[in-house]
Amino acid sequence: MKAAVVPELGAKLEIQEVAVPEAGAGQVLVKIEAAGLCHTDIHAAHGDWPVKPNPPFIPGHEGVGVVVATGPGATLHKPGDRVAIPWLGSACGHCKYCVAGWETLCEAQLNSGYGVDGSYAEYAVADDRYVVDVPDAVSSLDAAPLTCAGVTTFKAIKVARLQPGETVSVVGIGGLGHLALQYARLLGARVIAVDVEDAKLDLARALGADLTVNAKATDPVQAIAEYGGADVAVVTAASPRTFEQAFASLRRGGRLSCVGLPADDKMSISVFDTVLSGKHIIGSIVGTRHDLTDVFALHAAGRTKVIAERRRLEDVNACFEEVLAGHVPARLVFTF
Ligand code: NAD
Ligand code: ZN
Ligand code: ZN
């Protein structure tokens, strides 16, 4: 099969012909129809984060396709089922996090396209228990971005306990941010969209943002203060400065929902401001299988719109450049 492989950290990806993996015990073999390009895949290939993947590996954790074979003991899915393979490739299922509904915090988890091979390939194997069924009403092209960008921002807004009538700033209107904005509106919040690209802000307005701020042209802290401040900030931009600005833009009692994962890993926050203003800082990592099921159901009901463009896997390196340049209308998806 054809796969995009990271041969070593920081190197260009290679399109290689590799053997179709076999579904092992408890696994399904999925023929991939659509694989979204999450910015995380770029961080993975570059080795940007403190915990690094082990090359060679196949990135991708927004994989959607059809089950074509099942391994021994895989009984939840059968050939023909259309499923999504998310970042949470598998978890132990019995630790305190798993049983409490926080499987995304399981210390024994394996991550698709990072710890185990992902979906930048014609086929991928996945844990029968951790793939999520895709409803018929959701196309594979739409399901792919929902599998990480969707579920991640859906969860980031849930953990920030956004309330109707509140104001939220969504910082970074890329793959994640364009969906964050929509979930915030569904909850009845007013939305301030912040980005550094005018085209992204045009998209934000088209999706219903109440205010847009180009952080390259305007100080976002001042612009948001003039608007009355934000109760919640969801930061998806991968730069520490944006977290600091988003924190400074919060009203008293405000919640900073940290989602982006900058290579430059430190932010500087005033303890005084945190304490006196009663602000909260929350880290939010993807979402559970249950969250993803909710995300798919909302989309099937017509409540969200995925902005995505198709690409060929052969163009993966050019696609990484496009995303890094900020020239992508929300999400790129490799289709097969
Ligand atoms: P993306 O490239 O599609 O979007 C990033 C957006 O940020 C772009 O629109 C870009 O123009 C904008 N941006 C860049 N600099 C900015 C600045 N200074 N101010 C405002 N906006 C700015 O990326 P994505 O796929 O949406 O992923 C975003 C980040 O989220 C990545 O770091 C990724 O690794 C991380 N991520 C985290 C989780 C999680 O579970 N926490 C899940 C998926 C992705
Ligand atoms: Zn992702
Ligand atoms: Zn566990």
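Just above sits the structure.
Residues numbered from 1 in each chain as written. Chains lettered and ligands numbered in written order. Predicted model: local features only at pLDDT ≥ 70, side-chain atom pairs only at ≥ 80, totals over all residues. Heavy atoms only, no water.

### Considering the nonpolar core
- Within the largest apolar cluster, 74 residues are counted, with the highest numbers of intra-cluster contacts made by L37, Y120 and V168.
- Both domains that meet at this core, namely domain 1 (2-148 + 287-335) and domain 2 (161-283), each give it at least three residues.
- Ranked by size, the runner-up nonpolar core spans 15 residues in total, among them V171, V194, A233 and V235. (Core = buried A, V, L, I, M, F, W, Y, C linked by side-chain atoms within 4.5 Å. Buried < 20%, exposed > 50% of the residue type's maximum accessible area, 1.4 Å probe, protein only. Domains from an automatic or database assignment.)

### A word on the sheet that holds strand β13 (residues 230-235)
- If you trace the six strands from one edge of the open sheet to the other, you get β12-β11-β10-β13-β14-β15, paired in parallel fashion. Only two strands of the sheet have a single neighbouring strand rather than two, namely β12 (211-214) and β15 (280-283). With strand direction ignored, the average angle separating the axes of adjacent strands in the sheet is 20°.
- Here helix α5 (residues 198-206) sits on the sheet and contacts β11 (190-195) and β12; the angle it forms with β12, its principal contact strand, is near 175°.
- Together, β10 (167-171), β13, β14 (250-258) and β15 form the strand contacts of helix α7 (residues 240-248), whose direction differs from that of β14 by roughly 150°. (Pairing = 2+ DSSP bridges. Helix = DSSP H or I, 4+ residues; strand = E, 2+ residues; numbered from the N terminus. Axes fitted to C-alpha atoms, helices over the stretch in contact; angles between N-to-C directions. Contact = heavy atoms within 4.5 Å.)

### Here's the deal with the coordination of the zinc ion (ligand 2)
- The coordination sphere of the zinc ion (ligand 2), as far as protein atoms go, consists of C38 (SG), H61 (NE2) and C148 (SG), spread over 1.9 to 2.3 Å.
- Read in sequence order, the donor residues for the zinc ion (ligand 2) give the motif C-x22-H-x86-C. Of this pair, C38 sits in the loop between β3 (27-37) and α1 (39-46) while H61 sits in the loop between α1 and β4 (63-70), placing them 23 residues apart in sequence. With respect to burial, C38 and H61 carry one shared label: buried. (Donors = N, O, S within 2.8 Å, 3.2 Å for Na, K, Ca; no water.)

### Side note on the environment of L141
- Here L141 lies in helix α3 (residues 140-159).
- If sequence neighbours within four positions are ignored, L141 has contacts with A34, R310, V333 and T335.

### Points about α5
- Along α5, the residues that are buried comprise K200, L201, L203 and A204. Taken down its axis, α5 places every buried residue within 155° of arc, on the same side. Relative to its buried face, α5 has exposed residues pointing more than 90 degrees away, namely D198, A199 and A206.
- Elements that come into contact with the buried residues of α5 comprise α4 (175-186), β11 and β12.
- Taken from the residues just after α5, G208 is the one with a positive phi, measuring 105°. (Arc of directions from axis to C-beta.)

### Quick look at the site of ligand 1
- Of all residues adjacent to ligand 1, which total 30 residues, the nearest are H39, T40, D195, V286 and R331.
- At 2.8 Å from an oxygen atom of ligand 1 is found a side-chain nitrogen or oxygen belonging to H43.
- Note that an oxygen atom of ligand 1 is positioned 2.9 Å from one of the backbone N or O atoms of L176.
- Bound to the protein, ligand 1 loses 90% of the 870 Å² it would expose on its own.
- Looking at the shell around ligand 1, the elements that each hand over two or more residues are α1, α3, α4 and β11.
- Take the shell around ligand 1: its biggest share by element is three residues, from α1.
- A breakdown of the residues in the shell around ligand 1 according to their chemical character gives 15 nonpolar, 11 polar and four charged.
- Split by domain, the residues of the shell around ligand 1 number at least three in each of domain 1 (2-148 + 287-335) and domain 2 (161-283). (Near = heavy atom within 4 Å. Polar contact = N/O pair within 3.5 Å; in protein donor to acceptor, adjacent residues only side chain to side chain. Areas by Shrake-Rupley, 256 points an atom, 1.4 Å probe, with all protein chains shown as cover. Nonpolar A, V, L, I, M, F, W, Y, C, P; charged D, E, K, R; others polar.)

### Brief notes about the pattern of salt bridges
- On inspection of all chains with the given rule, the structure shows 15 salt bridges.
- Between E62 and R331 there is a salt bridge whose closest N-O contact spans 2.7 Å. Of this pair, E62 sits in the loop between α1 and β4 while R331 sits in strand β17 (residues 331-335); the two residues are 269 residues apart in sequence, bridging distant segments of the chain. For the pair E62 and R331, a shared accessibility class is recorded, and that class is buried.
- Measuring nitrogen to oxygen at the nearest pair gives 2.7 Å for the salt bridge that ties E103 to R289. Separated by 186 residues along the polypeptide, E103 in the loop between α2 (96-99) and β7 (110-111) and R289 in helix α9 (residues 289-300) bring together distant segments of the chain.
- Looking at R289, the relative accessible area reads 27%, which means it is partly exposed.
- When salt bridges that share partners are traced, they join K155, K158 and D291 into one network. (Salt bridge = Lys/Arg side-chain N within 4 Å of Asp/Glu carboxyl O.)

### Observations concerning the packing of aromatic side chains
- Inspection of every chain in the model, using the stated rule, returns four aromatic pairs.
- With centroids separated by 5.1 Å and ring planes inclined at 75°, the aromatic side chains of Y120 and F334 adopt a geometry described as edge-to-face. Taken together, the residues Y120 in the loop between β7 and β8 (123-127) and F334 in strand β17 connect sequence positions 214 residues apart.
- Exposure remark for Y120: the relative accessible area of 0% places this residue in the buried category.
- Looking at F334, the relative accessible area reads 1%, which means it is buried.
- Feature note: the residues W49, W87 and Y114 constitute an aromatic cluster, connected by ring pairs. (Phe/Tyr/Trp six-rings, centres within 6.5 Å; stacked < 30°, edge-to-face > 60°.)

Any functional reading would require information beyond the geometric quantities listed.
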